[in-house]
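# Structural description and commentary
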Amino acid sequence: MIWNEVDRYLEANRARFEEELKALIRIPSVSAQPDHDADTRKAAEAVRDNLIASGLKAELIETARHPLVYAEWLGMPGKPTILVYGHYDVQPPEPLEPWLSPPFEPTIRNGNLYARGATDDKGQMFTHLKAAEAWMKVAAGFPVNVKFLIEGEEEVGGHSLEKFVAESAAKLACDYAVISDTSQFAPGIPAVTYGLKGLAYFELAVTGADRDLHSGTYGGAVANPLNALAEILASLKGPDGRIQVAGFYDQVLPLEDWERAEFAKLPFSEADFQADLKVPALFGEADYTTLERKWARPTCDVHGLWGGYSGPGPKTVLPCKAGAKFSFRLVPNQDPATIERLVREHITRVTPPGVRVDLITHHGAPAVLVDVNTPGVQAAARAVEVGFGARPVFMREGGSIPVVGLIKEKLGVDALLLGWGQTDDNLHGPNEKFSLADFHRGIKAAARLLYELAI
Ligand code: BES
Ligand code: ZN
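Okay, so let's go over this structure. (Residues numbered from 1 in each chain as written. Chains lettered and ligands numbered in written order. Predicted model: local features only at pLDDT ≥ 70, side-chain atom pairs only at ≥ 80, totals over all residues. Heavy atoms only, no water.)

## Points about the sheet that holds strand β18 (residues 433–435)
- In space, the three strands of this open sheet follow the order β4-β5-β18, with antiparallel pairing throughout. Bordering the open sheet on either side are β4 (107–109) and β18, each of which pairs with just one other strand. On average, adjacent strands in this sheet sit at an angle of 30° to one another, irrespective of strand direction. (Pairing = 2+ DSSP bridges. Helix = DSSP H or I, 4+ residues; strand = E, 2+ residues; numbered from the N terminus. Axes fitted to C-alpha atoms, helices over the stretch in contact; angles between N-to-C directions.)

## Observations regarding the pattern of salt bridges
- Tallied over the entire structure, the rule returns 32 salt bridges.
- We note a salt bridge from R65 to D37, for which the minimum N-O separation is 3.0 Å. Placement of the pair is R65 in the loop between β1 (57–61) and β2 (68–73) and D37 in helix α3 (residues 37–53), with a sequence separation of 28 residues.
- Relative accessible area serves as the criterion here: at 33%, R65 is assigned to the partly exposed category.
- Look at D37 and you get partly exposed, because its relative accessible area is 28%.
- In this structure, the salt-bridge partner of R260 is E292, at a minimum N-O distance of 2.8 Å. Taken together, the residues R260 in helix α7 (residues 257–265) and E292 in helix α9 (residues 290–296) connect sequence positions 32 residues apart.
- Looking at R260, the relative accessible area reads 31%, which means it is partly exposed.
- A single salt-bridge network, built from bridges that share partners, covers R16, E20, K130 and E133. (Salt bridge = Lys/Arg side-chain N within 4 Å of Asp/Glu carboxyl O. Buried < 20%, exposed > 50% of the residue type's maximum accessible area, 1.4 Å probe, protein only.)

## Some remarks on the sheet that holds strand β14 (residues 356–365)
- In spatial order, the strands read β11-β13-β9-β14; together these four strands make up an open sheet with antiparallel pairing. Lying at the two open borders of the sheet, with one neighbouring strand each, are β11 (299–307) and β14. Along the sheet, successive strands turn relative to each other by an average axial angle of 15°, direction set aside.

## A closer look at the coordination of the zinc ion (ligand 2)
- Bound to the zinc ion (ligand 2) are the protein donor atoms D120 (OD), E155 (OE), E155 (OE) and H428 (NE2), situated 2.2 to 2.7 Å from the metal.
- What the six donor atoms of the zinc ion (ligand 2) show is an angle range of 50 to 147° at the metal, which sorts the shape as irregular.
- In terms of primary sequence, the donors binding the zinc ion (ligand 2) are separated according to D-x34-E-x272-H. Residue E155 is found in the loop between β6 (145–151) and α5 (159–167), and its partner H428 is found in the loop between β17 (415–417) and β18; the two are separated by 273 residues along the sequence.
- Its relative accessible area of 15% is what places E155 among the buried residues.
- According to the relative accessible area criterion, H428 is partly exposed, its value standing at 40%. (Donors = N, O, S within 2.8 Å, 3.2 Å for Na, K, Ca; no water. Tetrahedral: all angles 85-135°; square planar, octahedral: opposite > 155°, others 65-115°.)

## Description of the site of ligand 1
- As a structural note, the neighbourhood of ligand 1 is formed by 15 residues, with E154, D181, R329, S400 and H428 the closest of them.
- With respect to ligand 1, the backbone of D181 contributes an N or O atom lying 3.0 Å from a nitrogen atom.
- Backbone polar atom of S400 to a nitrogen atom of ligand 1: 2.9 Å apart, as the coordinates give it.
- When ligand 1 is considered free in solution it has 520 Å² of accessible area, and contact with the protein chains removes 81% of it.
- Its residues placed into classes, the shell around ligand 1 shows four nonpolar, five polar and six charged. (Near = heavy atom within 4 Å. Polar contact = N/O pair within 3.5 Å; in protein donor to acceptor, adjacent residues only side chain to side chain. Areas by Shrake-Rupley, 256 points an atom, 1.4 Å probe, with all protein chains shown as cover. Nonpolar A, V, L, I, M, F, W, Y, C, P; charged D, E, K, R; others polar.)

## A closer look at the packing of aromatic side chains
- Here the structure, examined in full by the defined rule, presents 13 aromatic pairs.
- For the pair F326 and F328, a centre-to-centre distance of 6.1 Å together with 80° between the ring planes defines the contact as edge-to-face.
- Relative accessible area serves as the criterion here: at 0%, F328 is assigned to the buried category.
- Through a chain of ring-to-ring contacts, the aromatic side chains of F202, F248, Y249, F326 and F328 assemble into a single cluster.
- Above the face of the Y114 ring, R109 is positioned so that its terminal group lies 4.0 Å from the ring centre.
- Looking at R242, its charged tip hangs above the ring of Y249, at a distance of 3.9 Å from the centre. (Phe/Tyr/Trp six-rings, centres within 6.5 Å; stacked < 30°, edge-to-face > 60°. Lys NZ or Arg CZ within 6 Å of the ring centre and 35° of its normal.)

## Overview of empty space enclosed by the protein
- The final tally for this structure, using the stated rule, is two cavities of 30 Å³ or more.
- What lines the largest cavity is simply I82, V84, H128, A131, V146, F148, V178, A446, L449 and L450.
- Sorting the residues of the lining of the largest cavity by element identifies β3 (81–87), α4 (122–139), β6 and α13 (436–452) as the ones contributing at least two each.
- Ranked by residue count, the leading element in the lining of the largest cavity is α13, at three residues.
- Tallied by class, the residues present in the lining of the largest cavity amount to nine nonpolar, one polar and no charged.
- Considering only residue class, the lining of the second largest cavity consists of seven nonpolar, no polar and one charged. (1 Å grid on protein atoms, 1.4 Å probe; cavity = no way out; pocket = protein on both sides within 12 Å on 5 of 7 lines; lining within 4 Å. Points joined across faces, edges and corners; volume = space filled by probe spheres on them.)

## Side note on the packing of α5 against helix α12 (residues 402–411)
- Across the interface, α5 lies against α12 with an axial gap of 9 Å and an inter-helix angle of 15°. The angle between α5 and α12 places the two elements in the roughly parallel class. Considering the relative orientation of α5 and α12, their crossing is right-handed. Here α5 contributes L161, E162, V165 and A166 to the contact with α12, which in turn contributes V403, L406, K410 and L411. (Parallel < 35°, antiparallel > 145°, perpendicular 65-115°, else oblique. Left-handed = near helix turned anticlockwise from the far one by under 90°. Contact = heavy atoms within 4.5 Å.)

## A word on α5
- Regarding α5, the residues found buried are S160, L161, F164 and V165. The buried residues of α5 occupy an angular sector of 125° when projected down its axis, which confines them to one face. Projecting away from the buried face of α5 at angles above 90 degrees are the exposed residues K163 and E167.
- Its buried side turned inward, α5 meets β1, β2, β3, β6 and α12. (Arc of directions from axis to C-beta.)

## Focus on the nonpolar core
- One finds V47, L51, F142, F148, L416 and L418 to be the most contacted residues of the largest nonpolar core, which totals 76 residues.
- Beyond its immediate sequence surroundings of up to four residues, F142 is in contact with L56, W73, M76, A132, W135, M136 and L450.
- Judged by nonpolar contacts, the second largest core, of 27 residues, contains A228, I339, L342 and V343. (Core = buried A, V, L, I, M, F, W, Y, C linked by side-chain atoms within 4.5 Å.)

## Observations regarding the environment of L417
- Among the structural elements, L417 can be located in strand β17.
- According to the relative accessible area criterion, L417 is buried, its value standing at 1%.
- In this structure, the C-alpha to C-alpha distance between L417 and I108, residues 309 residues apart in sequence, is 27 Å.
- If sequence neighbours within four positions are ignored, L417 has contacts with I179, T182, A191, V192, T193, L196 and V404.

Okay, structure coming up:
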């Protein structure tokens, strides 16, 4: 049977696959940093050339910023078409000091490959390229039609991709998108992810006088922007963990009973979770478990805060400006634009007199929920079982992948979210890693998926 040959090809080429992944990871394709624009393009070319070496027609599509890589093989008319999405750009590696080995020098320790982009998303994306290679070399084609769309701006908001998908719906037409940019439930417990959170991200500037003032001379008579900012931020969430923006929960789809029952069955220990993080207590919205809070309830977090003096020793300043970055993770069916309106109304209402506020909205994303009772999801579950040797659990994630909502909106299809990572892979942080065993299992599952989707 052809599958056995594909599987043998994968076994025989494990070492080379690892070397190729390392070569891709050595290219510091940091999309946020213009100094790395040439590297980012090099990574795009490397992905394109890798697809071409497998016998596929692949091209770079130029954009206002980083190029897209596109390839397609449509030799199975009548069979489903899948669109494999991934990203070749990475987050900045800074701070460098905590890295045990240089971020762009892939290093193996304990069976893990350590490097920026190892799991997010070069290593995971590459599994689909190697799965495709195996089919092309063994069978000169796939059991289904396949399109690849690999972008270079995921970590900076994906603006070029958004434009391209909106303009190219016919070219990208497919039955399912396939994305490996999430995690397994735990080591040995692979997963099919059926829900992601959305995001509404804001930056707030608060200004007062036209200059910094002495807090003795002026304090008490002039509003302090930092105090005002603290009041505004404190008003967002109550002591019960509930968000206090009026109307915020109106569109929230409650967790279904079957989900709460399934989550409760998963081998998750709140005590171990707390011990690992070394926090004095877990905290979140009342009446929900940790997994429910992490995966299916909206949240609000402050990410950065500035203003006044934070150097050594005291300085009695009444600062003239202050600012903060904060965001809400959204759940189905919250709409980022509606949330923005509600947050603006809330801030207008709670801002104390004597200061001006200016709220900037950064790129948002809707949450997604995929119906698990579709042939695609069932095929994905079978493929993951073959690749990982264990039945996957169905889980949701707290992270966001804006392209999933975009694909649903513009192409009308769901994404199969097949993550090969682990929750402790340190994506976006120092010492990012990806298990090499999971890399190979992921390749096998990705290859098997093309077979299962054809049935
Ligand atoms: N791969 C992550 C998304 C992710 C994180 C999925 C954790 C599952 C668990 C992705 O690259 C990412 O970092 N997304 C951003 C999106 C944002 C910049 C719009 C996120 O979730 O913060
Ligand atoms: Zn990321």
